Amino acid sequence: MKKLTALLLALIMTLALVACGGDSGKKTDDNPPADPPSTEVPNEPEKKDEEPAAPAEPAGPEPITLRIGYMPNYASLWGVLSAIEQGCFEEEGITIELTEFPDGPSEIAAMEGNSIDLAYIGKGAHRLCITGSAVIFAPSSVHTVDKVVCMPDSGIQSVADLKGKTIAFNSGSSSESTFNNALSVAGLTREDVTPMDLSIDNVVPAAVSGSIDAAVCWNPYSGQILQQVEGSYEIEFADGSTNISSWICLPRYAEENHDVLVRFTRALFKGMDWGSQVDNYETVADYCAKRTKTSLESQLMQVGDAHWFNLEDLKTGVADGTIRGYYEGMQNDMVKGENIKPEEAKEDVGEFVLFGVMEEALK
């Protein structure tokens, strides 16, 4: 009996152990198994089909700064200031720095000293282009009537009356070529007058002091004499000569900077086209007055001094040879007026006038 009871107890304990062992393999919420490592990138956005990249915007022109020489008058400033104020240079990526000079030869000397890059000149300084000191890359204006400023008591009514008079002029500039033309028209030589060669800054004081009978100069100096010397007046004469003004640079600069000249000229021509419109004359004169610190009235007096080239003048004139003809006529005048020697004249004015730059700028 005791053995049977012991066997029953042993059996009951074995069954209890088996039951406990079966429960240990069940999953429970209290002890969840660890999740396997994730292979996904957290918060990765849903991939979409990639769109092709937009084409890059074309790069604008390379920014450059150009140092420009000018003279303090309407003729020198009308085109370049119009181009500046109307944003034409900005379109070409060009920043303009302006420096004032009294005359063309001074500007060429400054270019040789590397203090400016480009400059405007009147007729007289073209002599230095013919002789190789500079080259022309753009025309600015032209006129065929010249003037002499006469003092109130001089008695001068025509260029013939210059005989025996004291005449102020500025050598090497447009003043000298105009002086020579006046004498030629009158049939006179320098021996027939008393020439007084002065720096352009001293011509006006000479007139105000009464030490001369007449002066050959350009605006603003001629205008200053008319304003400051009561009773002074101008006489006009024409000898068939061509008085053209231009934009120039040194020959070596042109060789090394052809594209720069085309960009500058393209912007300049756009400004000239705007500034040559009669409706814009007063605005352009105001630009010039502010730059030169003179009155608007003094600048408006100069508006009639020349024919200001517009785009149509330039396109047709370059194509049909009219512009070339102006420079040929100017060179012939220089020979006749003894401003250059006959052997210095060029058979082809294209040796000192860069018509190719004009053509490219006008495309």
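In what follows, the structure referred to is the one given above.
Keep in mind it's a predicted model, so treat the numbers as computed, not measured.

Participant: I keep staring at the pairing of strand 10 (residues 243-249) and nothing clicks. Help me out?
Facilitator: Looking along a regular strand, one sees side chains alternate from face to face of the sheet. For strand 10, the buried fraction is high: seven of the seven residues fall into the buried class. Burial along strand 10 is two-sided: Asn243, Ser245, Trp247 and Cys249 and Ile244, Ser246 and Ile248, pointing in opposite directions, are all buried. Note: strand 3 (residues 118-121) against strand 10, three bridges, orientation antiparallel. Bridge pairing in strand 10 places isoleucine 121 opposite serine 246. Bridge count for strand 4 (residues 135-143) against strand 10 is seven bridges, and the pairing is antiparallel. Bridge pairing in strand 10 places alanine 138 opposite tryptophan 247.

Participant: Even after reading the chapter, I still don't get the sheet that holds strand 1 (residues 64-70), so can you show me in this structure?
Facilitator: Adjacent strands of a sheet pair through backbone hydrogen bonds, lying either parallel or antiparallel. A sheet is described by the order of its strands in space; here six strands give the open sequence 2-1-3-10-4-11, paired in mixed fashion. Both outer strands of the open sheet, strand 2 (94-100) and strand 11 (307-308), are each paired with one neighbouring strand and no more. Looking at chain direction, strand 1 and strand 3 are connected through two bridges and run parallel. Bridge assignment links isoleucine 68 to a residue of strand 3, and that residue is leucine 118.

Participant: Is there a simple way to think about the sheet that holds strand 7 (residues 194-197) in this case?
Facilitator: One open sheet holds the five strands; their spatial order is 7-6-8-5-9, and the pairing between them is mixed. The strands lining the two open edges of the sheet, one partner per strand, are strand 7 and strand 9 (233-237). As paired elements, strand 6 (residues 166-169) and strand 7 share four bridges and run parallel to each other. Within the sheet, the bridge partner assigned to phenylalanine 169 lies in strand 7 and is aspartate 197.

Participant: Please clarify how the nonpolar core should be interpreted in this entry.
Facilitator: The nonpolar side chains of soluble globular proteins are, as a tendency, buried together. One finds Leu66, Leu118, Phe137, Ile225, Trp247, Ile248 and Phe264 to be the most contacted residues of the largest nonpolar core, which totals 90 residues. No other element matches helix 10 (residues 258-275), which puts eight residues into this core. When residues no more than four places from it in sequence are discounted, the contact partners of phenylalanine 137 are Leu118, Trp247, Ile248, Cys249, Leu261, Phe264, Thr265, Leu354, Val357 and Met358. Ile167, Phe169, Phe179 and Ile235 belong to the second-largest nonpolar core, a separate cluster that totals 16 residues.

Analysis parameters
Residue numbering note: each chain is counted from 1, following its sequence as written. Local features in a predicted model are, by the rule used here, given only for residues with pLDDT of at least 70; side-chain atom pairs are given and counted only at 80 or more, and totals for whole chains, interfaces and linings are based on all residues. In computing side-chain values, all of the structure's heavy atoms are included and hydrogens and water are not. Each residue gets one of three labels from its accessible area relative to the maximum for its type: buried under 20%, exposed over 50%, partly exposed in between, using a 1.4 Å probe on protein chains only. By definition, any uninterrupted DSSP run of H or I lasting at least four residues is a helix, any uninterrupted run of E lasting at least two residues is a strand, and each is numbered from the N terminus. If DSSP finds at least two bridges between two strands, the strands pair. Among buried residues, those of type Ala, Val, Leu, Ile, Met, Phe, Trp, Tyr and Cys that are joined through side-chain atoms within 4.5 Å constitute a nonpolar core. Here a residue-residue contact requires only that any non-hydrogen atoms of the pair lie within 4.5 Å.

As far as function goes, none of this settles anything; it's purely spatial.
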